[in-house]
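So the chains spell out like this:
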Amino acid sequence: ATSCKMGSRCKFVHADARGAKQHEIHVNYAWRCVEDVEYERFAPGKVLEVVAPNGKSIGDVMDSQMALKTKALTSKRRPLSH
């Protein structure tokens, strides 16, 4: 039995979680202040405009120092999508 009507023709990966054990989340990336973040971030002073996934209009604006420096965010694509 499969959870996808496409069966083996589907190009996506599917998982059947029935019977899986439930686990508590063991990592919480919430920091008390931006200075406590241990990962590389963008320098402060710029504004990042962000759109929803596959969106076209800006839905969020944030200070650059609040964003982790990732490959996606260092790309030239603007506005950014999250």
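Residues numbered from 1 in each chain as written. Predicted model: local features only at pLDDT ≥ 70, side-chain atom pairs only at ≥ 80, totals over all residues. Heavy atoms only, no water.

Description of the overall build of the protein chain
Counting its secondary structure elements, the protein chain contains one helix and three strands. Helices and strands in the protein chain line up, N terminus first, as β-β-α-β. The buried share of the protein chain, taken over its 82 residues, is 13%. Restricting to contacts in the protein chain with at least 6 residues of sequence separation, those with at least 24 account for 42%. In the form shown here, the protein chain has an accessible surface area of approximately 7700 Å², with 54% of it arising from carbon and sulfur atoms. (Helix = DSSP H or I, 4+ residues; strand = E, 2+ residues; numbered from the N terminus. Buried < 20%, exposed > 50% of the residue type's maximum accessible area, 1.4 Å probe, protein only. Contact = heavy atoms within 4.5 Å. Areas by Shrake-Rupley, 256 points an atom, 1.4 Å probe, with all protein chains shown as cover.)

Comments concerning the pattern of salt bridges
This model, assessed by the stated rule, comprises one salt bridge. Note that E40 and K69 form a salt bridge whose closest N and O atoms lie 3.6 Å from each other. Taken together, the positions of E40 in the segment before β1 (47–51) and K69 in the loop between β2 (58–63) and α1 (71–74) put the pair 29 residues apart, joining distant regions of the chain. (Salt bridge = Lys/Arg side-chain N within 4 Å of Asp/Glu carboxyl O.)

Concerning the pairing of β2
Here five bridges tie β1 to β2, and the two strands are oriented antiparallel to one another. By the bridge assignment, V50 is partnered in β2 with D60. Linkage of β1 to β2, two consecutive antiparallel strands, is achieved through a turn of six residues, within which N54 is found at a positive phi near 60 degrees. (Pairing = 2+ DSSP bridges.)

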